[in-house]
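For reference, the chains in residue letters:
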Amino acid sequence: MTEKSGTIRPKYTIMRQNINKKVKLVCLYQVVMHYRLPFYNKISQDPDIDFVLIHGNGNKKGKLVNANLDKALFKRIQLNDYRIPMPFSPLLMFHLIKESPDIVFTEGSSSLINSSIAFIYSKLFNKKFIWWSLGKLKNKQYTGFRKLINKWERYIELHSNAIFTYSTQGKEYFLSRGVDRSKIYVAVNVFDTNSKLLEVVKYNLKGYLNGKYFNIGFIGSIEKSKNLELLIDSVSILNSKYNNIKLHIIGDGVHLENLKQYSENNPAVIYYGRINEGASKILSNCDLFVLPGLGGLAICEAMLNSLPIITGNADGTEYDLVDEENGFIIENMDIDNLCEKIEFLYLNPDIVKKMKLKSFERITNDLSFEKYYSVFKTMIEKVK
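Values in this document were obtained by computation on a predicted structure and should not be read as measured data.

1. Considerations on the environment of L158
Step number 1: Mapped onto the elements, L158 comes out in helix α5 (residues 144–158).
Step number 2: Judged by relative accessible area, L158 falls into the partly exposed class, the value being 30%.
Step number 3: Sequence-wise, L158 and R177 are 19 residues apart; in three dimensions their C-alpha atoms are separated by 8.1 Å.

2. Some remarks on the side chain of S167
Step number 1: Among the structural elements, S167 can be located in the loop between β8 (162–165) and α6 (168–176).
Step number 2: Here S167 falls in the buried class, since its relative accessible area comes to 0%.
Step number 3: Excluding residues within four positions of it along the chain, S167 makes contact with V186, D315, G316, T317 and D320.

3. With respect to empty space enclosed by the protein
Step number 1: According to the stated counting rule, one finds one cavity of 30 Å³ or more in the structure shown.
Step number 2: By volume, the largest cavity is sized at about 110 Å³.
Step number 3: The wall of the largest cavity is formed by 16 residues, among which L28, Y29, I54, S111 and N114 lie closest to the centre.
Step number 4: The set of elements that each furnish at least two residues to the lining of the largest cavity consists of β1 (23–29), β2 (49–55), β6 (103–107) and α4 (112–124).
Step number 5: For the lining of the largest cavity, the residue count by class is six nonpolar, eight polar and two charged.

4. Examining the side chain of N285
Step number 1: Along the polypeptide, N285 turns up in the loop between α10 (280–283) and β13 (288–291).
Step number 2: In terms of polar contacts, N285 uses its side chain to reach the backbone amide nitrogen of G207, at 3.3 Å.

5. What to know about the pattern of salt bridges
Step number 1: All chains considered together, the criterion is met by 14 salt bridges.
Step number 2: In this structure, R177 engages E157 in a salt bridge whose closest nitrogen and oxygen atoms are separated by 2.9 Å. Here R177, found in the loop between α6 and β9 (184–186), pairs with E157, found in helix α5; they are 20 residues apart in sequence, far enough to count as distant. In terms of burial, R177 and E157 fall into one category: buried.

6. Thoughts on a nonpolar patch on the surface
Step number 1: A surface patch of nonpolar side chains, about 580 Å² in accessible area, is lined by I97, I120, L124, F125, W152 and Y155.
Step number 2: Breaking the nonpolar patch down by element, the ones donating at least two residues are α4 and α5.
Step number 3: Note on placement: F125 falls in the loop between α4 and β7 (128–133).

7. Observations concerning unusual backbone geometry
Step number 1: Even without glycine at this site, N126 takes up a positive phi of about 55°.
Step number 2: Here N126 is to be found in the loop between α4 and β7.

8. Some thoughts on α4
Three or four residues apart is the spacing at which side chains of an α-helix point the same way, because the helix has 3.6 residues per turn.
Step number 1: For α4, which comprises 13 residues, the first-to-last C-alpha distance of 18 Å matches the rise-based estimate of 18 Å (1.5 Å per residue) to within 8%.
Step number 2: For α4, the complete set of buried residues consists of L112, N114, S115, S116, I117, A118, F119, Y121 and S122.
Step number 3: Looking at the packing, one finds that the buried side of α4 touches β1, β5 (87–88), α3 (92–99), β6, β7 and α5.
Step number 4: N126 sits one or two positions beyond α4 and adopts a positive phi of about 55°.

9. Quick word on the confidence of the model for the chain
Step number 1: The pLDDT averaged across the chain works out to 90; a share of 94% of its residues lies at or above 70.
Step number 2: Note on residues 1–18: pLDDT is under 50 here. Beyond four places in sequence and across chains, it has zero contacts.

10. Quick word on the sheet that holds strand β11 (residues 245–250)
Step number 1: Read from one edge to the other, the open sheet built from six strands follows the order β12-β11-β10-β13-β14-β15, with strand pairing classed as parallel. The open sheet terminates on both sides in strands that have one partner only, identified here as β12 (269–273) and β15 (327–329). On average, each strand axis in the sheet is tilted by 20° relative to the strand beside it, whichever way the strands run.

What counts and how
- Think of each chain on its own: its residues are numbered from 1, step by step along the sequence as written.
- Restriction of local features to residues with pLDDT of at least 70 applies here, the model being predicted, together with a cutoff of 80 or more for giving and counting side-chain atom pairs; totals for whole chains, interfaces and linings are based on all residues.
- Side-chain descriptors were evaluated using all non-hydrogen atoms of the structure, hydrogens and water having been removed beforehand.
- Going along the chain from the N terminus, every DSSP run of H or I of four or more residues is numbered as a helix, and every run of E of two or more is numbered as a strand.
- Throughout, exposure labels follow a simple rule: accessible area from a 1.4 Å probe, protein chains only, divided by the maximum for the residue type, with under 20% read as buried, over 50% as exposed, and the rest as partly exposed.
- We call two residues in contact when some of their heavy atoms are within 4.5 Å.
- Here a cavity denotes grid points, spaced 1 Å and computed from the protein atoms alone, that fit a 1.4 Å probe unable to get out, and a pocket denotes an open set having protein on both sides within 12 Å along at least 5 of 7 lines; residues with an atom within 4 Å of a point are the lining.
- Grid points are joined across faces, edges and corners, and a volume is the space filled by probe spheres set on the points.
- Three classes are used, and their members are as follows: Ala, Val, Leu, Ile, Met, Phe, Trp, Tyr, Cys and Pro are nonpolar, Asp, Glu, Lys and Arg are charged, and the others, Gly among them, are polar.
- Whenever a nitrogen or oxygen atom comes within 3.5 Å of another N or O atom, the pair is scored as a polar contact, on the condition that within protein one atom can donate a hydrogen and the other can accept it, and that pairs from neighbouring residues in sequence are kept only if both atoms are in side chains.
- By definition here, a salt bridge exists when the distance from a side-chain nitrogen of Lys or Arg to a carboxyl oxygen of Asp or Glu is within 4 Å.
- Exposure above 30% relative accessible area and no salt bridge define the residues that can form patches, which grow by joining like charges within 9 Å and nonpolar side chains of Val, Leu, Ile, Met, Phe, Trp and Tyr within 5 Å.
- Here the accessible surface of atoms and residues is derived via Shrake-Rupley with a 1.4 Å probe, and residues count as covered only by protein chains that are part of the display.
- To estimate the expected span of a helix, subtract one from its residue number and multiply by 1.5 Å.
- A residue's pLDDT is the confidence the predictor assigns to it, expressed on a 0 to 100 scale.
- By the convention used here, strands pair only if DSSP detects at least 2 bridges between them.
- Axes here refer to lines fitted to C-alpha atoms; in helices the fit is confined to the stretch in contact. Angles between the N-to-C directions go from 0 to 180 degrees.

Right, dumping it as structure tokens:
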């Protein structure tokens, strides 16, 4: 009896240790975006996950800038990277081998070189691999060398253990590529709605903007792809008729100075620069949010500030976030269509009130940060 119990007990102990073992997760991303900090912090505090973030230097200005990491709770490794034109970190393979994760969770096409290194690592060392991607922007076509690269991306997608995608549109894209439905996890791209809601309450200063104007808000990186000139022109046209519309632009980026020159003789356009905390004192006092070009997360922030939304084809999340109850998606975004929708809301304040309420309800109830993380955690449990 003593000999038998002595042989059984170690086996049982090993089994119990394996059950309680944390899964080692390494995430790769170009930079630490400020809106991703709460997501990474939540992963790092998850009792079931041992989390490490590997990221690059990023740029000195524009969208790809590392956030202030004073509040980062996670272990991170910052690698020197080179853009050729995508980021390439020569020591990435070395660090992956050193960390030896169970799962690699990586940004997709926008960092394809490093993602490819991570994919090759996962296959060489029999690790699990998750592709984190929005899919493809609507109406975007691949030609030439990019078309060849797309074939390699498809190979990665088909041989990934899971796809973590931003939207229902992303899911349909991956299904069209032949990816198994059971491997696709849709988490509509949102930020930490709880902490942002505290900001909304804190900075919701009624009367901060002059109430005699119809105030239109925009927040996001200032890039050519945002198509903000179209929005400025629309405000100019409508002001020639009504003369009480203001456009409030929050954000910074490589295109900011060009945009300021474009609107220098337009007193209806007001610039605030980048505001990472406190943007709600402007947004919550607006009547409408407009995204005339690419984007996505800005829609969530606008909805949390109880704003109706007008957007074109953004990043695919707009079809999960916006419908006729809280705004308009303009498939063929041009100045006539945009002016028509803005004017409609300008002339219908009762509809604006209903849309404001519906935006807030949707982002806090149906598309919260908790639901986003729940999809992520379910995926990790299935993959490990």
